Amino acid sequence: MGNSTGDTRAALVAAASKLLTQGGPEFVTLRAVGAATGVSRTAPYRHFADKDDLLSAVAAESMNRLTEAMRAGAADLAAGGTPLYRACLGYARAAMESPEHYRLMFGDFPINRPSAELERAADECARVLYDLVAEAQEEGALAGGDVREAGTLLWAALHGLVDLTLTRHLHEPRTVDGIEAMPTLLAMALGNWVCPKA
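Residues numbered from 1 in each chain as written. Predicted model: local features only at pLDDT ≥ 70, side-chain atom pairs only at ≥ 80, totals over all residues. Heavy atoms only, no water.

## Looking at unusual backbone geometry
To keep it simple, the criterion reads: Each helix corresponds to a stretch of at least 4 residues labelled H or I by DSSP, and each strand to a stretch of at least 2 residues labelled E; elements are numbered beginning at the N terminus.
Despite not being glycine, Arg 168 has its phi angle at roughly 65°, a positive value. Mapped onto the elements of the fold, Arg 168 is located in the loop between α8 (147–166) and α9 (178–191).

## Thoughts on empty space enclosed by the protein
Convention followed: Using only the protein atoms, space was sampled on a 1 Å grid; points where a 1.4 Å probe fits but cannot get out form cavities, open sets with protein on both sides within 12 Å along at least five of seven lines form pockets, and lining residues are those with an atom within 4 Å of a point. Grid points are joined across faces, edges and corners, and a volume is the space filled by probe spheres set on the points.
The final tally for this structure, using the stated rule, is one cavity of 30 Å³ or more. Taken as a whole, the largest cavity holds about 30 Å³ of empty space. Around the largest cavity sit Thr 82, Pro 83, Leu 84, Leu 132, Glu 135, Ala 136 and Glu 139, which together line it. Going through the elements one at a time, α5 (83–97) and α7 (116–138) are the ones with two or more residues in the lining of the largest cavity. Looking at the lining of the largest cavity element by element, the count peaks at three residues for α7.

## As for the packing of aromatic side chains
What counts is decided by this rule: What counts as a ring pair is set by centres within 6.5 Å for rings of Phe, Tyr and Trp (its six-membered ring), and what kind of pair is set by the plane angle: stacked under 30 degrees, edge-to-face over 60, tilted for all other angles. The rule is simple: take the accessible area with a 1.4 Å probe, protein chains only, and divide by the maximum for that residue type; under 20% is buried, over 50% is exposed, in between is partly exposed.
As enumerated under the stated definition, the model contains two aromatic pairs in all. Ring centres of Tyr 102 and Phe 106 lie 5.4 Å apart, and the angle between their planes is 50°; on these two criteria the pair is classed as tilted. In this pair, Tyr 102 and Phe 106 are both assigned in helix α6 (residues 99–106), four residues apart and thus about one turn of the helix distant. We classify Tyr 102 as buried; its relative accessible area is 4%. Assessed through its relative accessible area of 28%, Phe 106 is described here as partly exposed.

## Focus: the environment of Gly 191
Here Gly 191 lies in helix α9. On the basis of relative accessible area, Gly 191 is assigned to the partly exposed category, the value being 41%. Between the C-alpha atom of Gly 191 and that of Leu 12, which follows or precedes it by 179 residues, the distance is 43 Å.

## Things to note about the nonpolar core
The test is simple: Residues belong to a common nonpolar core when they are buried Ala, Val, Leu, Ile, Met, Phe, Trp, Tyr or Cys residues joined through side-chain atoms within 4.5 Å. Throughout, a residue-residue contact means that at least one pair of heavy atoms, one from each residue, lies within 4.5 Å.
Core analysis: the largest hydrophobic core is formed by 54 residues, its most contacted members being Val 28, Val 33, Leu 84 and Leu 186. The set of elements that each furnish at least two residues to this core consists of α1 (5–23), α2 (30–37), α4 (51–75), α5, α6, α7, α8 and α9. The dominant element in this core, judged by the number of residues it contributes, is α4, at eleven residues. Here Leu 84 is in contact with Leu 129, Leu 132, Val 133, Ala 136, Leu 142, Leu 154 and Leu 190, once residues within four sequence places are set aside.

## Some thoughts on the layout of surface pockets
Note the threshold: Residues are grouped as follows: Ala, Val, Leu, Ile, Met, Phe, Trp, Tyr, Cys and Pro are nonpolar; Asp, Glu, Lys and Arg are charged; every other residue, Gly included, is polar.
Quantified by volume, the largest pocket comes out at close to 220 Å³. Lining of the largest pocket is provided by 13 residues; of these, Ala 122, Cys 125, Ala 126, Tyr 130 and Trp 155 occupy positions nearest its centre. Elements with a contribution of two residues or more to the lining of the largest pocket: α4, α7 and α8. Residues of the lining of the largest pocket, tallied by class, amount to eleven nonpolar, two polar and no charged.

## Side note on α5
Test applied: A helix's residues, less one, multiplied by 1.5 Å, set its expected span.
When the terminal C-alpha atoms of α5 are compared, their 21 Å separation across 15 residues agrees well with the 21 Å that a helix rising 1.5 Å per residue should span. Among the residues of α5, Leu 84, Tyr 85, Arg 86, Ala 87, Cys 88, Leu 89, Gly 90, Tyr 91, Ala 92, Ala 94, Ala 95 and Met 96 are the ones counted as buried.

If you want it as structure tokens, here you go:
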């Protein structure tokens, strides 16, 4: 690890992210993160006010990864479908690849004081989704209407699919398998929101 403040902070966030993967938010403490990075016992407190602040930093990085997954999906012309469909699929897959990070952002563990960094990451994620919704509406691939309302409905449906898959509620024989069927389910949902042809 380098000696700069930025390097130390990044190492602490990376350690917290790893601990989160291993045991969820309860497993992440400033003491454990300090021990994992080999810094002094007081070093984590020079970078983060408390556990909430540390988890906000982890959540911001996680949110940025979801945003990048949307962008990468939208840009992947070889994957087929509309940019919005590909972005949603990329988002869902990225969320399911890191379930503890997804639950940190959208589950029952509250971040009581989201940092400005986390708020910016969430705003950017929403902006990317709304831009893709607006583009799909302009191209007639999605029903018209208020972009924020359409984006909110899509986001809720997307999170419903992800959450039910992660909690193993979407599985055979009662329903289709959420992981295997995710591409089809998203295509069906978006297909049902296409503008009717005159």
